[in-house]
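A look at the structure
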Amino acid sequence: MFPGFLHMMHEPERHFPPHVKTLLLSQSDFELPHDTPLAESDTEHHMYDFTFSVSDMNVEGGCVGWGAFAKNWSFMLEALEVMCS
């Protein structure tokens, strides 16, 4: 167990006192184990499945904010156009 605070902040020293240990650890640093069963797909209708995970993204508001910036949402939109055509 880490005796400090796991964070995703740009400047943690602005938020924590000097005696608090911090570790930059984002949600995207985790992945599913390789033995995790995936749902069977209907291969006659599609060839690929895509997953894009981001926290704190306001979908109704146009997907703006830190999450969209950190995960490069504008590039993802362009990439999906290419991958799905």
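Note that the structure is a prediction, hence the values are computed from the model and not measured.

1. Regarding the confidence of the model for the protein chain
As a note on interpretation, predicted positions should not be read in detail where pLDDT is low. In this model, the protein chain carries a mean pLDDT of 77, and residues with pLDDT of at least 70 account for 74%. Ranking the elements of the protein chain by mean pLDDT puts helix α1 (residues 66-70) last, at 81, and strand β2 (residues 22-24) first, at 90.

2. Focus: the packing of aromatic side chains
Considering all chains together, one arrives at 2 aromatic pairs under this definition. Centre to centre, the rings of Phe5 and Phe16 are 4.6 Å apart; their planes meet at 45°, and the pair counts as tilted. In this pair, Phe5 sits in strand β1 (residues 5-7) while Phe16 sits in the loop between β1 and β2, placing the two residues 11 residues apart along the sequence. Looking at Phe16, the relative accessible area reads 16%, which means it is buried. Pairing Trp66 with Phe69 gives two aromatic rings, centres 5.5 Å apart and planes at 40°, and the pair type is tilted. A residue pair is termed a helical-turn pair when its members lie 3 or 4 positions apart in one helix, as Trp66 and Phe69 do in helix α1 at 3 residues.

3. Regarding the nonpolar core
Ranked by size, the top nonpolar core spans 5 residues in total: Met57, Cys63, Ala68, Trp73 and Met76. The residues touching Met57, leaving out its near neighbours within four places in the chain, are Phe52, Cys63, Gly67, Ala68 and Trp73.

Definitions and cut-offs
Residues numbered from 1 in each chain as written. Predicted model: local features only at pLDDT ≥ 70, side-chain atom pairs only at ≥ 80, totals over all residues. Heavy atoms only, no water. pLDDT = per-residue confidence, 0-100. Helix = DSSP H or I, 4+ residues; strand = E, 2+ residues; numbered from the N terminus. Phe/Tyr/Trp six-rings, centres within 6.5 Å; stacked < 30°, edge-to-face > 60°. Buried < 20%, exposed > 50% of the residue type's maximum accessible area, 1.4 Å probe, protein only. Core = buried A, V, L, I, M, F, W, Y, C linked by side-chain atoms within 4.5 Å. Contact = heavy atoms within 4.5 Å.

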